[in-house]
Every structure is written in structure tokens, then in C-alpha cells.
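Residues per chain are reported as follows:
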Amino acid sequence: MIKTTCAYCGVGCGVTATPRLDGGFDIAGDTAHPANQGRLCVKGSALGETIGLEGRLLHPMMRDREDGSLRRVAWGEALDHVAGRWRSIIDEHGPDAVAFYVSGQLLTEDYYVANKLMKGYIGSANIDTNSRLCMSSAVAGHQRAFGEDVVPVNYDDIDHADMVVLVGSNLSWCHPILFQRLARAKEARPGMKIVVIDPRRTATCELADLHLPIKPGTDVWLFNGLLCYLSRIGAVDPAFVAAHTSGLEEALAAATLGPEEVARVCRLNLQELIEFYEAFAANAKVITAFSMGVNQSSAGTDKVNSIINCHLIGGRIGKQGMGPFSITGQPNAMGGREVGGLANMLAAHLNIDKAAHRDAVQTFWESPRMASRPGLKAVDLFEAIEDGRVKAVWVIATNPVVSLPNADQVRRALERCDLVVVSDVVRDTDTNAYADVLLPALAWGEKDGTVTNSERRISRQRAFLPAPGEARADWLILSQFALRMGYDGFCYASAAEIFTEHARLSAWRNNPGELPRAFDIGALGMLGESAYDALQPTQWPLTGHPFADGCYSHADGRARFVATVPRAPVNLPDGEYPITLNTGRVRDHWHTMTRTGRAPKLAGHIPESFIDMHPQDALLCGVKEGELARVSSHWGSMIARVQHGGGIARGSVFVPIHWNNQTASDARIGAVVNPVVDPVSGEPEFKHTPVMVDRFPIKWHGFILSRDVPQLDELAYWTKVQGKDFMRYELAGRNTIDDFGTWARRLLGIQDDEADWLEYADSSSGVFRAVHVIDDRIAQCIFISARPDLPARQWLASLFDKPQLDIADRAALLAGRPLAAGADAGPTVCSCFGVGRNTICKAIREQNLTTPAQVTACVNAGGNCGSCVPELKKLLNEMLLVESV
Ligand SMILES: Nc1nc2c(c(=O)[nH]1)N[C@H]1C(S)=C(S)[C@@H](COP(=O)(O)OP(=O)(O)OC[C@H]3O[C@@H](n4cnc5c(=O)[nH]c(N)nc54)[C@H](O)[C@@H]3O)O[C@H]1N2
Ligand SMILES: Nc1nc2c(c(=O)[nH]1)N[C@H]1C(S)=C(S)[C@@H](COP(=O)(O)OP(=O)(O)OC[C@H]3O[C@@H](n4cnc5c(=O)[nH]c(N)nc54)[C@H](O)[C@@H]3O)O[C@H]1N2
Ligand code: SF4
Ligand SMILES: [Mo]
């Protein structure tokens, strides 16, 4: 058994991998890890389904720009080519003409090397990271308030808090194990008050005593109003404010707002708003946890500081059970911050714009150069690439053609860039399509290093699989490149050597008279190989709760109130684009789906991209639930299926970020998002773009289930879903089909006239159904209809698991549903045990179940990771309502 850390979110759960006899691995939660104590959410539990080599990038490749073809090359050739081109570009245009765009999914060691190489050797700070899209507002807010980017809360503070406010965080879907910890705390102490501040009524609200459906983008008004309220009623800790802070008066001057005005601007019920303010004032132990609804805003940094202000005024920080809590997204968002991977940071919590800091790092590195000013932030970087200022970019562990705002601009930039290098673990991504050089990296389970989670706990990721093909660790690829560039300082033999160097740098000149900072893991700088290998999860500061002594990292030791003058989002809805686009995550997928898209267990919950909108808005836009629609903005458009019921208010739509050109015909929501950024942090406003929604007219709907890849190019719409031993494709077309049989056979690639092929066609109603059987097993099926009244997919899908079709199956094939009633489980609710909606509803009805625990006892759903418990509650409520009518 090998202990490692989950590949996904910033909760940073410990995982064990135990080899099975069949060569696979059993993945389980590590009971000894403090972050999860043995629990895993559904994504973590499905990690074993994502470690196969199918679709992996296994060899370096170079593209012929003339015909677009890729050819396999040796590592030496690929790295010589890249080093040669970088050299000549730097010689001709200077070091700022090259750039790295990296990721919070790199290990700390990889990140450290990339940052050192760019800032200390190439001499530019043009290294930015997808954390710009994620954490940079929190980083900037912490730096302004505390003088250093430190998150002042630990997970176990949740167990002591009397009130937890979740702002712009869908914790139940995005940080499930932390959500479950919160749920357990509430169960143990039902008096604990939970408030959710989110324009949507998300699954997280199931746990809330109070949900404030705030008008998008108005959080600063809400928290300024709270600051003003706390000051007015005297809910202040004058001793703390006097001894440990400065700037309260200026902050209050910017926050002269009464609750009535806040309620009006934030479009909230006044009584509920006051209930929130009163509860905040009444409870000493308050945690305000915030995530992307706060950070991803053109006022993101101010949102962060307006929250921190409310904690400082009452001294609700630095003690057990309280504090402003930035919840990080990626597994190593925090490690990236520790190594200073953002373009405006240095390493080890030092600042690029201070000469003494630059000197400290350069002296430690003994490097020939040091970047003297901040580099380009992500959005600016891709603009500079498009206009030719940056001529070479190396993208590592991120997929910007999907995840950046104004994503069609990113595509144009990469098309025009002289040299695009991408290091990735999979072969086909939307970004790889623009790469001149593709470099195969080791993936989770194969690579070795460390990650830091949301509570500043450093954990080891350990390899338990052999390196496949010619894939190499990211730090090794970068070090070998650095050596070719003629730089010393990169002769690392192992991840341990890099980690210990990084740890020593954190202690370098870290003394009261020099450059004191809270981030100091110098004690780990002496670890040998085996101690590093055995490193237990370790939290910094190594000396206790951050800021427990009331001493902050500004030169005068005081925390700062920041005056946050509220301002509306930059682009507001208007006559042409009347609706606000909100974007975010779904429970069972991770980002651009390069990993979660491969796990059948994770595909069932939400198989297809969607546009969640209020029924009245749908009516106004002329679109219907279940039909396809187009979302467009001034910047671009995408297509997905309309749905209701996601808890969205009128005037907004919500679209998930995950689907892209590998998984659907036209589902990149990034293309629609405005490239507006926060002026302080440079973080994009992902949660607020004015859009319009209109019909995407089609002639027919359909689906294919197939063991082979069908020909989809000519279809108006398709999306792909991973099944067990097959792929499912949802389709729609604008073409008139004259001869269904011939057309369907061409789509499915069937050339054999003798094929075992059953079909039913009714041209007058536009209905066509066909099934292809090989050796008595289902191989493919296609169902087409002019109306969206296709049979449910679950039963047909279940046939792909059968070694042989029986007579009853064959008789039912073209009906698309079993002859026996009740055999269709319905759409998946519980991904862990694969339990469908119909199964759950049937159990609730027949056995009069009233609680999620009873449902679990009856049909297992909710019994493993618990991520679906909010949905079980919703189903129970819905059914109780129906019964009571
Ligand atoms: N399942 C899953 N989990 C993940 C990830 C994933 O891809 N899938 N990704 C990880 C990463 S990198 C990240 S950064 C985190 C993100 O975790 P979260 O931030 O929790 O997730 P999001 O869905 O991006 O957005 C959170 C909420 O912000 C709300 N919101 C939008 N506008 C506003 C506003 O103006 N004010 C307020 N108060 N709220 C607003 C949205 O309605 C949404 O419900 O999740 C991590 N965990
Ligand atoms: N509209 C909208 N857009 C958003 C957001 C939003 O809320 N709304 N959220 C933003 C946020 S918070 C984030 S964090 C980003 C995430 O966006 P991305 O970082 O673009 O998404 P991922 O799919 O995680 O991309 C990771 C890539 O790295 C590869 N990879 C995985 N492991 C390794 C490795 O060890 N080495 C290498 N070299 N490659 C590896 C994967 O195959 C994948 O191609 O999206 C941002 N974009
Ligand atoms: S909560 Fe889930 S995705 Fe996040 S680290 Fe834990 S197991 Fe992984
Ligand atoms: Mo993120």
C-alpha cells in the first residue's frame, strides 16, 4: 500500500493505493491523514478509473507547421529545438519575449524549478499560472491586509465555530470532504449557524440556516454594510483594533451604508439581511469561507478585503474557531503561492518589487540575473502573445484554450505565436491542438513531490505506478531544458533535493531584523531522501495558529483595514445582452475533464453541458427545457441544453466550465466570458458576463451508444459521455435525412452488408432506430427522432455490460426499454454505488422513507462519499410535496 494525496481539489485528502492482483489499484481514503481521516468524495474514490494509459501522451512530438501533422521525436531533439529557439528569441528580442504559463496542478518541486528558471536565469517574470484565474484575488487581499499571503484558518476551526458563512462557494460540490466536516459539526452542535451567500440556490444551501441569494457582483456592498453595522452597534473589539490594526476609519468612511440600501443594491430581503448581520455580531467564533464567487470578479480583491475588514473589527481572527478562510481550488494552489509562481511574486513569500527581496533570492540562488519587475498576468500575457510581443510560450499542466476568458482570443494568440510548447499528460486537448512541440509529463500516481492544501498542510504525492512510455517529471523536463540553455543551478537528482532547497529558501534572511515572514519551513530543509519519502502531512507555520500573537507581516506588525469603495461589474446587461452569465463547476467533473471525463462512474450524474435558467427567462428567450440553445456574448458563443431547477434567479444563467472540443461540438463557455479583470489581482471576472440566449434550431434529436468512434463531423451538435466499455453520444442535426439506414451505417462505420443489424424507420414521423449486434453482444445502437422523445439511455447502456443478449433483450432492443416494467434505474444520483433516480424514488414511495439515512440503508445511495446527500434530501422533499397535494 502506498500513501499519496488526491489529484483534485484543495482539501488535499490523503489517499492509499493498494495493488490488486489484476494489475489495477484499489483507491481508498487514508485514515491517518488529518484532512480527510479516511473519507473520499466521489471524484477521489474514482481515481482508480482514471489511471489507464488510453489517450496518454507518451512520447515527445513535433508538429510540421505546413501540413499540421505530428511526428514522434527523441527527447534530445525536442529539447534542443526548444532551447535553440528560446535562445535566439531571447538574443533578438530580450527575455520578456518568452513566457511560461503554468498551473496549480504542478507539484511544488515542478513549480519551484519553473519559477527559478524564469525569474533567476532567463531574467524575466513572464511566468504566470492558472492560479491567476483562481486564487490571485485572495492572494492580493491577504497581502494588502496581512502584509503576506497567509490563510489564517485551519480545518479543525470548523469544529469549533459557532457560525460559518460561505460566500461564493459551492462547498458541497467543490470541496465535498470539507462540506461533510461542516455537516458533521452542525449535526453535533445544531445551534451552529450556517449562512450561504450565493446568487444560486446550490446544493450547499441544503445545510444552510439562511441563504442570501445576492445579486451577482454586489458582495462589497453587503460586507461594507456589515462593517458599518458592527461599528454602529458597537460590536467592536477596541483593544484588538488599537493594538493590531490600522486604517479602520478610512475603511468605515468607504462603508457608510444602512441595511436598507444594502438590501436594495444586493436585491435581498431586508429581514434576512438583518438576521445575518445580527448573527455575525452575536457570535464571536465566525468563519467566513469564500471561494470563486468572491475571487473571480472585477472587484475580487475588494470583496476579499471587505470580508477581512469585518473579521478585523471584532478581532475574529488568529484564534480557534474563527477567521476569513480562502478555500483553494487546485491540489497545489497553495504550493504555487509558496514558491511565488505568479508573475507579480518572487519565491518564498518575497516580493518582486522590493530590491532587498530580489537581492535575497538572487543571492540564495546564486543566479546570474533576477527579474526586476512583475511579468505579464495571464490575460495580458495571451494578449501580448497575439500582438507578437511574446514570441514563445510554454504551457504546463493547464488548458488555456478552454479555461481562459475570451477563449477564442487565446486560440488566435496560439495560432500566431512563433513557438508553442505544451507539457501535458494527455495527447488530445484543445490547447495541444496548437502546440508545435508536445512534451509528455508524468501524471498523478506516477510523479513524486509535495502539494499544500487549503489549510497550509504539505503532503506528499507518491508514485505507485511506473513511468509510462517516455514521460518525465515536469521538474526534470524543465531542468534538462535549463541545462541546454547553459544554466547551472538545475543539477537536481530528485524531487527531494528541490524540496529541501525550497524549504531552506523559506528560512533565508527570515529573521526579525531582515525579511521576516510567516512562511518558514526551514526545518524541513535538512530532510534526506528517505525522510522526504516518509514525510508526514505537515502544516505551517510549524509553531501554531497563524497570527495567534496578533503580529502581522507588514513592517509595523499591524493588519490593515482596506477601504473598499463598492463598484458594479464592468460590463452590465443591456438591451442586446440582457442576461448575466455565471459559470462554475459540477459535482463529478474536474475542469476540462481530461481525467474525470474518462471515468464511467463520474459520467452519470451530469452527462451533458447545460444552460441552467429560470423558466420565465426561458419563455422570454423562446427556448424550452430539454432543447438546445445558444449562449452568446460580445466575445463568443457556445451551445448546450436548457434546464431549469438549478436554483438560479431570474436575469442570470449558469453554465458549467467543463465541456470542450474534445467532449462536445461547441461547448467552450470560456469563449463567451468577458476578459475583464480585477485591477489589483488581474483575476478574470468569470462569474459575470452579459449574454443573450436564443434557440438553436434543429431538425432531429438522437443518440448513439457505441464501442467504436462514430463519424460526427457533419452533425450540428454532439456531446460525448464515457460509459463502461462504450461511449455515449447525444446528437442533434439540421440536415434532412433521406435514407436513414444508409446514413446511419455511414455514421457508425458499418461496411459489412451481412452485419447483424436490426432497424425500424418511420420517415413520416422522423423516427429511426437501429442496433448493430456482433457475436450476440450489442456493438452499437442509434436512435433518432424529430421530437426529443427518445427512450432513456440507462437500460440500453446496461446491455453493453452483458456478455450475451438474451431473447427478451433482443425483443426489446428497438423499443429501447425493457419489457419488464421498473427495470430502468433512471439517471444516476449516487455515482459511488451507481444508484439511479427511479430506484431511489421507488424505494422512497414503497417504503415510506423520510430521511437520507433511511434511503442509504435501503438502496446504498449516499453511503460512501455522501456527495449526493443534498440531492437525496431534495428528492425526499419533492416526493413529500407530491404526496401531500
Ligand atoms: N467537482 C469539482 N470540484 C472542484 C473543481 C472542479 O472542477 N470540480 N475545481 C476546483 C477548483 S480549481 C476551484 S477554484 C474550486 C471552486 O469552488 P467554488 O468557488 O465553490 O465553485 P464555483 O462553482 O466556481 O463557484 C462558486 C459559486 O459562486 C457563485 N457566485 C457567482 N457569482 C457570485 C457573486 O457575485 N457573489 C457570490 N457571493 N457568489 C457568486 C456561483 O453561483 C457558484 O455557486 O473548486 C475546486 N473543486
Ligand atoms: N468560465 C470559467 N472559466 C474558468 C473558471 C470558472 O469558474 N469559470 N475557473 C478557473 C479556475 S479557478 C481554474 S483553476 C482553471 C482550471 O483550468 P485548467 O487548468 O485549464 O484545467 P485542467 O483541465 O485542470 O487543465 C490541466 C491540464 O494539465 C494536464 N495535466 C494534469 N496533470 C499534469 C501533470 O502532472 N503535468 C502536466 N504537464 N500536465 C498535467 C491535464 O491533462 C490538463 O490538460 O479554470 C479557470 N477557468
Ligand atoms: S474532497 Fe474529493 S476531490 Fe477534494 S481532495 Fe478530497 S477526495 Fe479529492
Ligand atoms: Mo481554481
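Treat the numbers as computed from the prediction; the structure is a model and nothing was measured.

So, the site of ligand 1
- Near ligand 1 there are 35 residues, and of these Asp198, Gly217, Ser291, Arg585 and His589 occur at the shortest range.
- Contact distances for ligand 1 include 2.8 Å between a nitrogen atom and a backbone N or O atom of Cys174.
- One of the backbone N or O atoms of Arg587 is found 3.0 Å from a nitrogen atom in ligand 1.
- The fraction of the free accessible surface of ligand 1 (910 Å²) that becomes covered by protein chains is 99%.
- Counting only elements with at least two residues in the shell around ligand 1, the list comes to α5 (171–174), α12 (292–295) and β21 (579–584).
- A class-by-class count of the residues in the shell around ligand 1 yields 12 nonpolar, 15 polar and eight charged.

Thoughts on the packing of helix α7 (residues 219–233) against helix α13 (residues 300–313)
- Where α7 contacts α13, the two axes come as close as 9 Å, and the packing angle between them is 15°. Classed by the angle they form, the pair α7 and α13 counts as roughly parallel. α13 is crossed by α7, and the crossing has left-handed handedness. On α13, the residues touching Asp219, Val220, Phe223, Asn224, Leu226, Leu227, Leu230 and Ser231 of α7 are Asp302, Lys303, Ser306, Ile307, Asn309, Cys310 and Ile313.
- Split into classes, the residues belonging to the contact of α7 with α13 amount to eight nonpolar, four polar and three charged.

Notes on the sheet that holds strand β8 (residues 163–167)
- Strand order in the open sheet formed by five strands is β10-β9-β8-β12-β13, and the pairing between neighbours is parallel. Taken across any chain shown, the strands that pair with only one partner, and hence form the sheet edges, are β10 (210–212) and β13 (323–326). For this sheet, the mean inter-axis angle between neighbouring strands, taken without regard to orientation, is 15°.
- Examined bridge by bridge, strand β12 (residues 286–290) and β13 share four bridges and lie parallel to one another. Within β13, the residue paired with Thr288 across the bridge is Pro324.

Quick notes on the pairing of strand β2 (residues 14–19)
- Bridge count between strand β1 (residues 2–5) and β2: four bridges; the pairing is antiparallel. The residue of β2 that forms the bridge with Ile2 is Ala17.
- Hairpin connection from β2 to strand β3 (residues 25–29): five residues lie between these consecutive antiparallel strands, with Gly23 at a positive phi of about 95°.

Observations regarding the packing of aromatic side chains
- Tallied over the full model, the rule gives 29 aromatic pairs.
- Taking the centre distance of 5.4 Å and the plane angle of 50° together, the rings of Tyr8 and Trp590 count as tilted. Of this pair, Tyr8 sits in the loop between β1 and β2 while Trp590 sits in the loop between β21 and α22 (600–603), and the two are 582 residues apart along the sequence.
- Residue Trp590 is classed as buried on the basis of its relative accessible area of 11%.
- Ring geometry for Phe276 and Phe280: centres 6.3 Å apart, planes at 80°, overall edge-to-face. A residue pair is termed a helical-turn pair when its members lie 3 or 4 positions apart in one helix, as Phe276 and Phe280 do in helix α11 (residues 270–282) at four residues.
- The exposure class of Phe280 is buried, given its relative accessible area of 0%.
- Ring-pair connections join several aromatic residues into one group, and the members of that group are Phe223, Tyr229, Phe276, Tyr277 and Phe280.
- Geometry around Phe654 places Arg200 over its ring, the cationic atom sitting 3.6 Å from the centre.
- Positioned above the aromatic ring of Trp540 is the side chain of Arg456, whose terminal nitrogen or guanidinium carbon lies 5.8 Å from the ring centre.

Things to note about the site of ligand 2
- The immediate surroundings of ligand 2 are formed by 30 residues, with Gln105, Ser403, Asp424, Lys447 and Thr592 found nearest.
- Here an oxygen atom of ligand 2 sits 2.6 Å away from a polar atom, N or O, in the side chain of Asp424.
- In this structure, an oxygen atom belonging to ligand 2 sits 3.0 Å away from a side-chain N or O atom of Thr594.
- In isolation ligand 2 exposes 920 Å². Once the protein is present, 99% of that is buried.

Considerations on the pairing of strand β30 (residues 756–762)
- Pairing analysis gives seven bridges linking β30 to strand β31 (residues 767–774), with the strands arranged antiparallel. In the sheet register, Asp762 faces β31, and the bridge partner there is Val767.

So, the sheet that holds strand β18 (residues 457–461)
- Here we have three strands laid out as an open sheet, ordered β17-β18-β19, and antiparallel in their pairing. Strands with a single pairing partner mark the edges of an open sheet, and in this sheet they are β17 (449–452) and β19 (538–539).
- In this sheet, β18 lies alongside β17 in antiparallel orientation, the contact comprising four bridges. Residue pairing for β18: Thr450 is matched across the bridge by Arg460.

A word on the environment of Phe726
- Topologically, Phe726 is positioned in the loop between β28 (717–722) and β29 (727–733).
- On the basis of relative accessibility, which here comes to 9%, the residue Phe726 falls in the buried class.
- Separated by 435 residues in sequence, Phe726 and Ser291 place their C-alpha atoms 36 Å apart.

Description of the state of the cysteines
- Per the stated rule, a full pass over the model turns up zero disulfides.
- Cysteine Cys174 remains unbridged, with the sulfur of Cys9 as its closest cysteine sulfur at 8.2 Å.

Quick notes on the pattern of salt bridges
- The tally for this structure, following the rule as stated, stands at 45 salt bridges.
- Between Arg641 and Glu608 there is a salt bridge, with the nearest N and O atoms lying 3.0 Å from each other. With Arg641 in strand β24 (residues 637–643) and Glu608 in the loop between α22 and β22 (610–613), this residue pair connects regions lying 33 residues apart in the sequence. You'll find Arg641 and Glu608 in the same group, each marked buried.

Some points on the nonpolar core
- Ranked by internal contacts, the top residues of the largest apolar core, which has 128 residues, are Trp86, Phe100, Leu117, Ile197, Leu222, Phe276 and Trp394.
- The residues touching Leu117, leaving out its near neighbours within four places in the chain, are Phe100, Ile122, Leu478, Phe481, Ala482, Tyr487 and Phe490.
- Cys41, Val42, Cys832 and Leu872 belong to the second largest nonpolar core, which has 64 residues in total.

Re the side chain of Glu501
- Looking at the element boundaries, Glu501 is found in helix α20 (residues 495–507).
- A polar atom in the side chain of Glu501 sits 2.7 Å from the side chain of Tyr112.
- Residue contacts for Glu501: discarding those within four places in its chain leaves Tyr112, Lys116, Phe364, Trp365 and Tyr492.

So, unusual backbone geometry
- Residue Pro541 is reached from Trp540 by a cis peptide bond, and omega for that bond is -5°.
- As for its placement among the helices and strands, Pro541 is situated in the loop between β19 and β20 (559–560).
- Look at Arg267: it is not a glycine, yet its phi comes out positive at around 55°.
- With respect to the secondary-structure elements, Arg267 resides in the loop between α10 (259–265) and α11.

Regarding helix α24 (residues 740–748)
- Of all nine residues making up α24, seven are buried, and the element is well covered by its neighbours.
- Considered for burial, the residues of α24 that qualify are Phe740, Gly741, Trp743, Ala744, Arg745, Leu747 and Leu748.
- In this structure, the buried side of α24 is in contact with β27 (700–706), β30, β31 and β32 (777–785).
- Of the residues one or two after α24, Gly749 is the one with positive phi, at around 70°.

Examining the packing of helix α3 (residues 108–122) against helix α19 (residues 474–484)
- It is the contact of α3 with α19, at a shortest axis distance of 8 Å, that shows an interaxial angle of 25°. In terms of orientation, α3 lies roughly parallel with respect to α19. By crossing handedness, the relation of α3 to α19 is classed as left-handed. Contact with α3, carried on its side by Glu109, Asp110, Val113, Ala114 and Leu117, involves Asp474, Trp475, Leu478, Ser479, Phe481 and Ala482 of α19 and no other residues of that element.
- Class assignment for the residues of the contact of α3 with α19 results in seven nonpolar, one polar and three charged.

Thresholds applied
Residues numbered from 1 in each chain as written. Chains lettered and ligands numbered in written order. Predicted model: local features only at pLDDT ≥ 70, side-chain atom pairs only at ≥ 80, totals over all residues. Heavy atoms only, no water. Near = heavy atom within 4 Å. Polar contact = N/O pair within 3.5 Å; in protein donor to acceptor, adjacent residues only side chain to side chain. Areas by Shrake-Rupley, 256 points an atom, 1.4 Å probe, with all protein chains shown as cover. Helix = DSSP H or I, 4+ residues; strand = E, 2+ residues; numbered from the N terminus. Nonpolar A, V, L, I, M, F, W, Y, C, P; charged D, E, K, R; others polar. Axes fitted to C-alpha atoms, helices over the stretch in contact; angles between N-to-C directions. Parallel < 35°, antiparallel > 145°, perpendicular 65-115°, else oblique. Left-handed = near helix turned anticlockwise from the far one by under 90°. Contact = heavy atoms within 4.5 Å. Pairing = 2+ DSSP bridges. Phe/Tyr/Trp six-rings, centres within 6.5 Å; stacked < 30°, edge-to-face > 60°. Buried < 20%, exposed > 50% of the residue type's maximum accessible area, 1.4 Å probe, protein only. Lys NZ or Arg CZ within 6 Å of the ring centre and 35° of its normal. Disulfide = S-S within 2.5 Å. Salt bridge = Lys/Arg side-chain N within 4 Å of Asp/Glu carboxyl O. Core = buried A, V, L, I, M, F, W, Y, C linked by side-chain atoms within 4.5 Å.

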